[in-house]
Amino acid sequence: MKHHRSWALAALFVLAALPPPASAGSVEVKLQLPQRARLNLQGKNSIAVAPFLVVTQEGADRLQGRDIDVQKEFERYLLKILRRETELKVMEPGPVDYPVYDFAQLAKQQEFWRALGERIPADLILAGGLDFDIQDRSGYQMQEYISPFNGRTYYRQVLVEQTGFEYDILMQVYDGKTGDLLYQDNFKDFQSFEGEGTDPLAGMFENLLSLEDRILNVFTQKEVEASRLLFTQ
């Protein structure tokens, strides 16, 4: 009986601490839920990060006169977060001479991946493709305008300069011993900034920061935020 009473009191304290109900009889709460790694790493202790292929890179030379090395910047970022957030031994195989440049065909090249895994050697090989696009999103928008002469509200077209950054990452993970494709996924993100002269590197890393938890969740457990409805009546 005491256990039932203590549970009831605990529930009352939780409900009292919750924000006002979003709708009659229920309240929405945010929870941090653990999500298991998408890849089974049992018996896998090392990973080699092969050079990612740049599928397209559009618009980078139009901003601030800069030509971004998308492959180099992404590889540096990926090595850093894998070493920081996972228990895997992370290796760099150096330049890789791919037999084909079609990702569907690469997934069938077991002998190539097996030979690469033996040469490094590594339990896993991470490879894939990058598509980074810088877009001019400038355009006219309708905005309210209050006249300082008569106080009346008018509408006028105003040019708003915006730059968009779109990142599309294809990730493939191969078994370094068998050459089999173990995992494949696409990670996409779009960020928009006001102004025409936005630093493309800043846009790129905003994309990567937004995708970081999803990328790491391939190799390690991460917490994800989820919404749940708690019924109060």
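Residues numbered from 1 in each chain as written. Predicted model: local features only at pLDDT ≥ 70, side-chain atom pairs only at ≥ 80, totals over all residues. Heavy atoms only, no water.

Caption draft 1: Up close: the overall build of the chain. Along its length, the chain carries 5 helices and 10 strands. The contacts of the chain with a sequence gap of at least 6 include a subset with a gap of at least 24, amounting to 74%. (Helix = DSSP H or I, 4+ residues; strand = E, 2+ residues; numbered from the N terminus. Contact = heavy atoms within 4.5 Å.)

Caption draft 2: Highlighting unusual backbone geometry. Following I120, the chain continues to P121 via a peptide bond in cis, the omega torsion being -15°. Inspection of the secondary structure puts P121 in the loop between α4 (110-119) and β5 (124-136).

Caption draft 3: A look at the packing of aromatic side chains. Within this structure, the stated rule accounts for 10 aromatic pairs. Each ring, one from Y98 and one from W113, has its centre 6.1 Å from the other, and the planes form 55°; the classification is tilted. Linking Y98 in the loop between β4 (89-91) and α3 (103-106) with W113 in helix α4, this pair joins segments that are 15 residues apart in sequence. Across this residue pair, the class does not change: Y98 and W113 are buried. Each ring, one from F112 and one from W113, has its centre 4.9 Å from the other, and the planes form 70°; the classification is edge-to-face. Each member of the aromatic cluster is reached from another via a ring pair, and the members are F52, F74, F132, F165 and Y167. (Phe/Tyr/Trp six-rings, centres within 6.5 Å; stacked < 30°, edge-to-face > 60°. Buried < 20%, exposed > 50% of the residue type's maximum accessible area, 1.4 Å probe, protein only.)

Caption draft 4: Local environment of the side chain of D123. Relative to the assigned elements, D123 resides in the loop between α4 and β5. For D123, the side chain forms a polar contact with the side chain of K177, separated by 2.7 Å. (Polar contact = N/O pair within 3.5 Å; in protein donor to acceptor, adjacent residues only side chain to side chain.)

Caption draft 5: Structural view of the packing of helix α2 (residues 70-85) against helix α5 (residues 200-216). Running from N to C, α2 and α5 point in directions that differ by 40°, and their axes come no closer than 11 Å. Helix-helix and strand crossings are classified by hand; for α2 and α5 the assignment is right-handed. Facing α2, whose interface residues are V70, E73, F74, Y77, L78, I81, L82, R84 and E85, α5 presents L201, M204, F205, L208, L209, E212, I215 and L216. Partitioned by chemical class, the residues of the contact of α2 with α5 number 13 nonpolar, no polar and 4 charged. (Axes fitted to C-alpha atoms, helices over the stretch in contact; angles between N-to-C directions. Left-handed = near helix turned anticlockwise from the far one by under 90°. Nonpolar A, V, L, I, M, F, W, Y, C, P; charged D, E, K, R; others polar.)

Caption draft 6: Looking closely at the side chain of S46. Positionally, S46 belongs in strand β2 (residues 46-49). Look at S46 and you get buried, because its relative accessible area is 10%. Sequence-distant contacts of S46, that is, excluding residues within four places in its chain, are made with L88, K89, M91, P121, A122, D123 and L124.

Caption draft 7: Looking closely at the nonpolar core. Of all hydrophobic cores here, the largest spans 34 residues; its most connected members are F52, L78, L126, Y167, I169 and F219. Looking at this core, the elements with two or more residues in it are β2, α2, β5, β8 (162-175), β9 (181-194) and α5. The element best represented in this core is α2, accounting for 7 residues. If we skip the residues at most four places from it in the chain, F52 touches Q71, F74, L78, L126, A127, G128, G129, L130, I169, L170 and M171. One finds L53, L106, F112 and L170 within the second-largest nonpolar core, a separate group that totals 18 residues. (Core = buried A, V, L, I, M, F, W, Y, C linked by side-chain atoms within 4.5 Å.)

Caption draft 8: Local environment of the environment of K30. Within the secondary structure layout, K30 lies in strand β1 (residues 26-35). For K30, a relative accessible area of 54% gives the class exposed. Put simply, K30 and L229 are 199 residues apart on the chain and 9.0 Å apart in space, counted from C-alpha to C-alpha.

Caption draft 9: Region of interest: the environment of Y77. Here Y77 is to be found in helix α2. Note on Y77: relative accessible area 6%, which makes it buried. Remark: the alpha-carbon pair of Y77 and F205, spanning 128 residues in sequence, is separated by 8.9 Å. With near-sequence residues (within four places) excluded, Y77 lies in contact with F205, L208, L209 and E212.

Caption draft 10: Molecular detail of α2. The first and last C-alpha atoms of α2 sit 22 Å apart over 16 residues, in line with the 22 Å expected at 1.5 Å per residue. All of the buried residues along α2 are V70, E73, F74, Y77, L78, L79, I81 and L82. (Expected span 1.5 Å × (residues − 1).)

Honestly, it's all geometry; don't read function into it.
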